[in-house]
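Tertiary structure, described
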Amino acid sequence: MKMPESVYVLAVYDRQYRVFRKLLGSSLVSNVANPILFLFAFGFGMGSFIDTMSGMSYLTFVVAGMIGYSAAFAASFETSIGAFTRYFLQKNWDAILSTPVTLAELMMGEILWASVKALFSAICVLIVGWLWGGVPTSFEPLIALPIVFLGAICFSCAGLVATAYAKGYEFFSYFFTFWVTPMFVFCGVFFDIGRFPDVIQYFAWFFPMTHLVAAIRPLTAGTEVGVTAILLHTGYIIAFSVAAFWIAHRKLRQRLYD
Amino acid sequence: MKRPSVITATNLVKRYGTLEVVKGINFSVPAGQCFGLLGPNGAGKSTTMRMIMGLSEVSSGELEVFGESASAMSREVKAKIGLVPQESNLDPDITVLENLVAFGRYFALSKSIIDQRSKKLLDFMQLNDKKFAPVNALSGGMKRRLTIARALIGDPEMVILDEPTTGLDPQARVLIWKQLTELKKDGRTLLLTTHYMDEAQRLCDQIVVIDSGMILDQGTPDELIARHVKGFVFEVQKPNLAASPENRWEQEDIGDSVLYFVDDTAEFIADLPEEAIYLHRPANLEDVFLRLTGRKLREN
Ligand SMILES: Nc1ncnc2c1ncn2[C@@H]1O[C@H](COP(=O)(O)OP(=O)(O)OP(=O)(O)O)[C@@H](O)[C@H]1O
Ligand SMILES: [Mg+2]
């Protein structure tokens, strides 16, 4: 196994960036419009029924959740359906693997790009949330961003696991139903998970999303920040990423090198 | 003159599950030559090329590429090879020029080298007018030319071309032949598969004919012709065939007519009845190919 080198990882990243640049307009629109719609629905709509959640305004609560979720969605989409298209339909990966780029570097380039894109989505939500008045802190959210980036890496790795095992596009309906949607529902995006029964809480902590939201919420909401808790959450996210990367790499190696 | 070999295959075997598709082949590709891998559909040509690229695991036997085992090729060796795969895998999301640039980056080339080479390659493959076109706007022939240009971005010592001219019009084929000849003049090694025997005869210095994963024969085009089909071919329509008994002339029944492979034309013509209708031509590689691999359709 060759040691990954950044020049090759960046070459893969650069190709993604080039394609993205062409679609920058539409990408910006959806990245800004989506959180506005969600924040509108939940901040305004739900927020008028719910005064506070975990001791903060509901809008503040939801902004943190939406930052995490938008990163999760963007990263998951890019390395599942997006990457699968490049791999399976367009055969881009076959072409890349005939060059000095290794499979690990190819995967890292995909992950890096998906994570940067996810971070970009998260920043859009943060800015919209801040303008809306849902971010009552000053510089702390900037500390949240590197953690969001780590979370995005984790979601990207998980997306690649789905790509590695997918036989066709139908497979991704499972991925979205049993992985992405639960992140939306069970992981503290809209509700304090303390309200769920214990079993569901254990289940919720399996998802890296729960850890991500728990780690960034105090930072964007301005509540008390527990350093140890943040370290534990990021530790879990990193461990999950490593495991997912390893599984995806093993399966893709089997599939791409027959 | 013995040239060092760039690829050496020894008892090379490829199995998919229990199905053996390459059955212990031996060959070596000398540096600086055009080496042709010929064989009917399903013979194992693409599989062999994928093994050489390190994209498919060798099941048993040995395969050395630039002195390294194909399954553990270093980056340096990988960078010496350019591949034109059988199925196009150009990047449809970006333009013609960007395809070259992206590939240059996969080879870790500097920006100035990429700029300089992509300019040269667009000229070389006559794609300058299409520089900013998306790949999907190219015709099949242009895509093929771009795939070849792309394979050359790393300035490879060896270019592997899996059916580079299949489906192209005569003009495009002639251009590709001319450019492949240029590449050879630069001292690059070419490994080529094709189903066009005239192309193989024109371009290849050495040829291996494989069928069902086994080598049937190898040599220069002239050697193969001399060995299998003599100098000339007469295609004689039935029923007015040569008068001598069957074992006098090497022959093959192809339905409406019989092919005779002969050295001495005058003698053969003397043996034909007056009313015989025939075509007469020098033997070529196509005759060799059909004699070696038979006339039955493959993969049925
Ligand atoms: N991934 C695979 N799994 C199982 N069998 C395979 C696989 N790839 C190729 N084969 C089989 O291996 C044999 C050789 O295939 P290969 O593509 O090397 O033939 P080829 O000589 O390139 O043929 P063609 O001229 O049609 O391109 C075929 O019988 C094919 O069905
Ligand atoms: Mg083939």
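Looking at an unreviewed UniProt entry, chain B carries the name ATP-binding cassette domain-containing protein, with the source organism given as Sneathiella litorea. Annotation of chain B in UniProt includes, under Subcellular location (unreviewed entry), the sentence "Cell membrane". Among the UniProt annotations of chain B, the heading Sequence similarities (unreviewed entry) holds the following wording: "Belongs to the ABC transporter superfamily."

The name given to chain A in an unreviewed UniProt entry is Transport permease protein, with the source organism recorded as Sneathiella litorea. Taken directly from UniProt, the Sequence similarities (unreviewed entry) text for chain A runs: "Belongs to the ABC-2 integral membrane protein family."

**Some remarks on the coordination of the magnesium ion (ligand 2)**
Residues and elements named next belong to chain B. All of the protein donors around the magnesium ion (ligand 2) are Ser46 (OG) and Gln86 (OE1); their distances to the metal are 1.9 to 2.1 Å. With a gap of 40 residues between them, Ser46 in helix α1 (residues 45–52) and Gln86 in the loop between β6 (81–84) and α3 (96–106) connect regions that are remote in the sequence. For Gln86, a relative accessible area of 37% corresponds to the partly exposed category.

**Observations concerning the packing of helix α3 (residues 58–89) of chain A against helix α7 (residues 171–186) of chain A**
Residues and elements named next belong to chain A. Packing of α3 against α7 leaves a shortest axis separation of 11 Å and a crossing angle of 170°. Classed by the angle they form, the pair α3 and α7 counts as roughly antiparallel. From α3, Tyr69, Ala72, Phe73, Ser76, Phe77, Ser80, Ile81 and Phe84 reach across to α7, where they touch Phe172, Phe175, Phe176, Trp179, Val180, Met183 and Phe184. In terms of residue class, the contact of α3 with α7 is made up of 13 nonpolar, 2 polar and no charged.

**Let's talk about the packing of α3 of chain B against helix α4 (residues 111–124) of chain B**
All names here are of chain B. At a minimum axis separation of 10 Å, α3 and α4 run at an interaxial angle of 135°. Judged by the inter-axis angle, α3 sits oblique to α4. Crossing of α3 over α4 shows right-handed handedness. Within the contact between the two elements, α3 uses Val96, Leu97, Leu100, Val101, Gly104 and Arg105 and α4 uses Ile114, Ser118 and Leu122. Here the residues of the contact of α3 with α4 are counted per class, giving 6 nonpolar, 2 polar and 1 charged.

**Structural notes on the domain arrangement of chain B**
By domain assignment, chain B separates into domain 1 (5–225) and domain 2 (230–282). When each unit is reduced to the centre of its C-alpha atoms, the spacing between domain 1 of chain B and domain 2 of chain B is 39 Å.

**A look at the interface of chain A and chain B**
A common measure of how large an interface is: the accessible area buried when the components associate. Counting residues at the interface gives 30 residues for chain A and 30 residues for chain B. Both sides of the chain A and chain B interface together cover about 2,600 Å² of buried area, and 53% of this is carbon and sulfur. Of all residues in chain A, the largest losses of buried area upon contact with chain B belong to Ser98, Pro100 and Asp258 of chain A, amounting jointly to 24% of the total for that side. Residue Arg18 of chain A pairs with Glu98 of chain B through a salt bridge whose shortest N-O separation is 3.9 Å. Run the count over chain A and chain B and you get 13 residue pairs in polar contact (both at pLDDT 80 or more). Elements supplying a minimum of two residues to the side of chain A that touches chain B: α1 (6–22) and α4 (92–97) of chain A. Ranked by residue count, the leading element in the side of chain A that touches chain B is α1 of chain A, at 10 residues.

**A look at the pattern of salt bridges**
All told, the structure shown has 28 salt bridges over all chains when counted by the stated rule. Taking the shortest distance from any N to any O, the salt bridge between Asp14 of chain A and Arg105 of chain B comes out at 3.2 Å. Here Asp14 of chain A is found in helix α1, whereas its partner Arg105 of chain B is found in helix α3 on a different chain. The exposure class of Asp14 of chain A is buried, given its relative accessible area of 15%. Notably, a salt bridge pairs Arg15 of chain B with Glu20 of chain B, separated by 3.3 Å at the nearest N-O pair. Residue class for Arg15 of chain B comes out partly exposed when judged on its relative accessible area of 35%. Given a relative accessible area of 32%, Glu20 of chain B falls into the partly exposed group. Several salt bridges share partner residues, and in doing so they unite Asp14, Arg18 and Lys22 of chain A together with Glu98 and Arg105 of chain B into one network.

**Some remarks on the packing of aromatic side chains**
Residue and element names in this part refer to chain A. According to the stated counting rule, one finds 39 aromatic pairs over all chains in the structure shown. An angle of 25° between the planes, with centres 5.3 Å apart, marks the rings of Tyr87 and Trp93 as stacked. No difference in accessibility class separates Tyr87 from Trp93, as the two residues are buried. Residues Tyr174 and Phe178 carry aromatic rings whose centres are separated by 6.5 Å and whose planes lie at 15° to one another, so their mutual orientation is stacked. Of this pair, Tyr174 and Phe178 both sit in helix α7, separated by 4 residues, roughly a single helical turn.

Cut-off values and rules
- Residues numbered from 1 in each chain as written.
- Chains lettered and ligands numbered in written order.
- Predicted model: local features only at pLDDT ≥ 70, side-chain atom pairs only at ≥ 80, totals over all residues.
- Heavy atoms only, no water.
- UniProt positions renumbered as here; feature names shortened; annotations may be inferred.
- Donors = N, O, S within 2.8 Å, 3.2 Å for Na, K, Ca; no water.
- Helix = DSSP H or I, 4+ residues; strand = E, 2+ residues; numbered from the N terminus.
- Buried < 20%, exposed > 50% of the residue type's maximum accessible area, 1.4 Å probe, protein only.
- Axes fitted to C-alpha atoms, helices over the stretch in contact; angles between N-to-C directions.
- Parallel < 35°, antiparallel > 145°, perpendicular 65-115°, else oblique.
- Contact = heavy atoms within 4.5 Å.
- Nonpolar A, V, L, I, M, F, W, Y, C, P; charged D, E, K, R; others polar.
- Left-handed = near helix turned anticlockwise from the far one by under 90°.
- Domains from an automatic or database assignment.
- Buried area = accessible area lost by both parts, 1.4 Å probe.
- Salt bridge = Lys/Arg side-chain N within 4 Å of Asp/Glu carboxyl O.
- Polar contact = N/O pair within 3.5 Å; in protein donor to acceptor, adjacent residues only side chain to side chain.
- Phe/Tyr/Trp six-rings, centres within 6.5 Å; stacked < 30°, edge-to-face > 60°.

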